[in-house]
Amino acid sequence: MNKENWPEKIPTSGLTKGLTLPLEAYMDSYEDQVTVEQAANDLQQSCMRDYGIDLTLPLAGANPPPSDNDANIERRYGITNRADAEKYGYELPPALQEHTEQTMRELSGVEVEVLTGHTKPELPQAAEGVKAGEPIAVPNQGTKPARAEYNGKKLKTGGCIGWSREQLGVKETNPTFVAELAGDSLVQSMKDDKVIKANAAWSSCMDGKGHAGLADPYKAMEQDVTSDGKPSQESIALAVDDIDCKKQTDLVNIWFGVETAIQDKQIADNKSQLTAIKEQHGKEVTAARKQMAASAQ
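What you see is a predicted model, and the numbers here were worked out from it, not measured in a lab.

Parameters at a glance
- Residues numbered from 1 in each chain as written.
- Predicted model: local features only at pLDDT ≥ 70, side-chain atom pairs only at ≥ 80, totals over all residues.
- Heavy atoms only, no water.
- 1 Å grid on protein atoms, 1.4 Å probe; cavity = no way out; pocket = protein on both sides within 12 Å on 5 of 7 lines; lining within 4 Å.
- Points joined across faces, edges and corners; volume = space filled by probe spheres on them.
- Helix = DSSP H or I, 4+ residues; strand = E, 2+ residues; numbered from the N terminus.
- Core = buried A, V, L, I, M, F, W, Y, C linked by side-chain atoms within 4.5 Å.
- Buried < 20%, exposed > 50% of the residue type's maximum accessible area, 1.4 Å probe, protein only.
- Contact = heavy atoms within 4.5 Å.

Student: Explain the layout of surface pockets to me, please; I cannot follow it from the model alone.
Tutor: Over the atoms rolls a probe the size of a water molecule, and in doing so it shows where empty space is left. Taken as a whole, the largest pocket spans an internal volume of roughly 720 Å³. Taken together, 34 residues form the lining of the largest pocket, with Asp28, Gln33, Pro175, His281 and Glu284 sitting closest to its centre. Elements with a minimum of two residues in the lining of the largest pocket: helix 1 (30–50), helix 5 (159–168), helix 6 (177–189) and helix 11 (271–296). In terms of residue count, the dominant contributor to the lining of the largest pocket is helix 1 (nine residues). What the second largest pocket holds in volume is close to 540 Å³. In terms of lining residues, the second largest pocket is bounded by 25 residues, among which Pro66, Glu74, Asp84, Pro93 and Leu96 are the most central. At the level of elements, helix 2 (82–88) and helix 3 (94–97) are the ones that each hand at least two residues to the lining of the second largest pocket.

Given below as structure tokens:
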């Protein structure tokens, strides 16, 4: 597994170097997400083999996101890495814009049943009078429960996917709860007097560098114009000035400090739910690591 372009858990450069928000402790790291996904894939493949079906699922972790978790600390307060800004402006580095294509063969109807525990979704039939190629506004015809057995073996509840989740103890916790809290804390922080003042100081600094009318760093990101993912010299100049003004006004540290206090209160107010989410994540990752170690032997 190539981890070269995986995001850092904690930034090691730029204005967010060493910074982590309190809620990040309750978010899945990218590495943990990949571990659970790959362990589930391994189990699903071995489960399918038990039914005489050879299936290779896409490798987890092939297309890493720019940030380790939902906090997106590197760009939470706008761009923060000057070295990247000098090369790419507001764009992501090219390595993070590439997409590794992983093809998976078309599954037959029975293979879908063994894998998922339900029939292959039926494609909507073309309505009368609709020309070929025209979009069809017909809802998906849905699925039916899978057959009881295949190759003399009883199918698993929820198919091999359901079985793999059961083996790893994967439970459906609210996937958006922590991200929603983090979204709320950012919105609240923008109304704080210290952040309002810091943004005004940043705006004034940008004005002095010839970039008038930018209320906050998000407006600078919106103003950036690039074509074909290639930043113009103007875009690079704007990005570099943006970061220099952040440094001059200490905007990132001020904003981070305010949001940290807000998140500390959120954690205190939602302690039991957050603790349960964290414990569940921990159990799943531990089970996934054990599974991967066993399958590597």
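Here the narrative resumes.
Student: Whenever I open this one, the nonpolar core confuses me. Can you help?
Tutor: Counting residues in hydrophobic clusters, the biggest one holds 27 residues, and the most contacted among them are Tyr77 and Trp202. Counting only elements with at least two residues in this core, the list comes to helix 7 (193–208), helix 9 (233–249) and helix 10 (251–269). Not counting the four nearest positions on each side in its chain, Trp202 is found in contact with Leu214, Ala215, Asp216, Pro217, Ala220, Asp242, Cys245, Lys246, Thr249 and Leu251. Ranked by size, the runner-up nonpolar core spans 12 residues in total, among them Leu55, Leu107, Val112 and Val114.

Student: Sorry if this is basic, but what is going on with helix 4 (residues 109–116) here?
Tutor: Every α-helix carries 3.6 residues per turn, so stepping three or four residues along brings you back to the same face. Within helix 4, six of the eight residues are buried, leaving the element largely enclosed by the surrounding structure. Among the residues making up helix 4, those that are buried are Val110, Glu111, Val112, Glu113, Val114 and Leu115. Among the structural elements, helix 1, strand 1 (149–150) and helix 5 are those in contact with the buried residues of helix 4. The first or second residue beyond helix 4 is Gly117, which carries a positive phi of 85 degrees.

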